[in-house]
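Next come the chains, spelled out residue by residue.
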Amino acid sequence: MGILSGMRVVEGSAFVAVPLAGMTLAQMGADVIRFDRLEGGLDAGRWPVTKDGRSLFWAGLNKGKRSIAIDMRHPRGREIISEIITAPGEDAGLFITNLRVRGWMDHETLSARRPDLCTVTLSGDRHGRPAVDYTVNPALGFPDATGPAGSADPVAHVLPAWDCIAGNLVVTALLAAERKRLRHGRGSAVEIALKDVAAAMLGHLGIIGEVEVNGTVREKSGNALYGAYGQDFVCADGERVMVIGLTDRQWRGLVEVTGTSEAMAALEGRVGESLSDEGARWRHRAAITEVLRPWFAARRVNAFGRALDAAGVTWSMFRDFGRAVAEDPDLSPANPMFSRVEQPGIGTYRVPGAPMVFSGDPREAAVRAPLLGEHTEAILGDVARLTDGEIASLFDAGIVRRAMPPERRMAS
């Protein structure tokens, strides 16, 4: 049933963060209802897509939800969405969105229908302007600290980190607002800005202090681990590995396995610092790497991998997405988080469930994403509480639609 079984959340969203939040809640057992335009939302066809043009992105971020397709430009369509959001029930009245629409889909208007409504709204920045990871990151400086040492070019990251973090903050905020409602009977309007999520982390990680207190701006350091020791090495078989010496145990294990104790002691004598200090390892990372590089270059990964594991060294091979899916057992059904799921119009492939495991509650299997409008009729009946005749008239008028069989479309 899931730890959040009985909770109903309504989602009006696009892109990554809020769909991720809704999916996370659904994977914990909440009934998450996503509403979209008749033709699909802004990300209905977002890449990656199949050869037929079906969105793997949309299928990935909407697992386990229910879907209603409705004309949001029609007054009756807007009225129905409002009724669904504010429907009665102590476990209902929970709304997450990044589609701020004044006059009908904002908290002020909706809470007039249900005063204890809990709404979490994600915006781009605190001024209400749009923003995405690829604009927030350059504004705050991360691309200029990313990339090969000595390079002047900024590097935008492929992972939408702030979207991922913001999505989980939406979950946290909604559950906090619901707890407040359970204790005090009051609803909440929670505002989160994507840029604020990133700006807060800039401060949490000490980077703002680094600038203001130390008067320094962090430079690019390639694949080195900032503030300690971590570096990539090319091995005799052409494989590249990342090796971490962050903690004292990791560092001692790395030195032991590579047999470089004497060389590291000599390096300590030259620099006048003990490499047991992680800051010293950062300052002298280039010299440490020169000691270690020949050892890795002379060996194949299968000759030293087990020894690194036994010594408690944290390390990994570099793989592209294809190799990771093919080789890493943590991305396979050997990991109970994954199962093979059939997604209509796409096929059967491995899909993750929730990464959280709660004691006393069985792990929930992954559930496919809905087709657009797959649950329209059921939602109109059991949530909006419309009669069969009212539902039929909405379909006849083209205000709502049912799921259509998946069509073959050309990727664009």
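Model, not experiment: these values are computed from the prediction.

What counts, and at which threshold
- Residues numbered from 1 in each chain as written.
- Predicted model: local features only at pLDDT ≥ 70, side-chain atom pairs only at ≥ 80, totals over all residues.
- Heavy atoms only, no water.
- Axes fitted to C-alpha atoms, helices over the stretch in contact; angles between N-to-C directions.
- Helix = DSSP H or I, 4+ residues; strand = E, 2+ residues; numbered from the N terminus.
- Parallel < 35°, antiparallel > 145°, perpendicular 65-115°, else oblique.
- Contact = heavy atoms within 4.5 Å.
- Nonpolar A, V, L, I, M, F, W, Y, C, P; charged D, E, K, R; others polar.
- Pairing = 2+ DSSP bridges.
- Left-handed = near helix turned anticlockwise from the far one by under 90°.

Caption draft 1: The arrangement of the packing of helix α6 (residues 161–184) against helix α7 (residues 194–204) in detail. Here α6 crosses α7 at 100°, and the two axes come no closer than 9 Å. By the angle between their directions, the pair α6 and α7 is classed as roughly perpendicular. Here W162, D163, I165, A166 and L169 of α6 come into contact with α7, specifically with L194, V197, A198 and M201. Tallied by class, residues from the contact of α6 with α7 come to eight nonpolar, no polar and one charged.

Caption draft 2: Quick peek at the sheet that holds strand β12 (residues 400–401). If you walk across this open sheet you meet the seven strands as β6-β5-β4-β1-β2-β3-β12, and the pairing is mixed. The sheet is open, and its two edges are formed by β6 (188–193) and β12, each paired on a single side. Judged from the four bridges that link them, strand β1 (residues 8–12) and strand β2 (residues 31–36) form a sheet pairing that is parallel. Bridge pairing in β2 places V9 opposite V32. On the sheet, helix α3 (residues 75–85) packs against β1, β2, β3 (66–70) and β4 (94–97) and is oriented at approximately 155° with respect to β3. Docked against the sheet, α7 engages β5 (118–123) and β6, running at close to 65° with respect to β6.

Caption draft 3: The arrangement of the packing of helix α10 (residues 261–271) against helix α12 (residues 285–297) in detail. The interhelical angle for the contact between α10 and α12, taken along N-to-C directions, is 155°, at an axis separation of 11 Å. With respect to each other, α10 and α12 are oriented roughly antiparallel. Judged by the twist between their axes, the crossing of α10 over α12 is right-handed. Contacts from A263, M264 and L267 in α10 reach A287, I288, V291 and L292 in α12.

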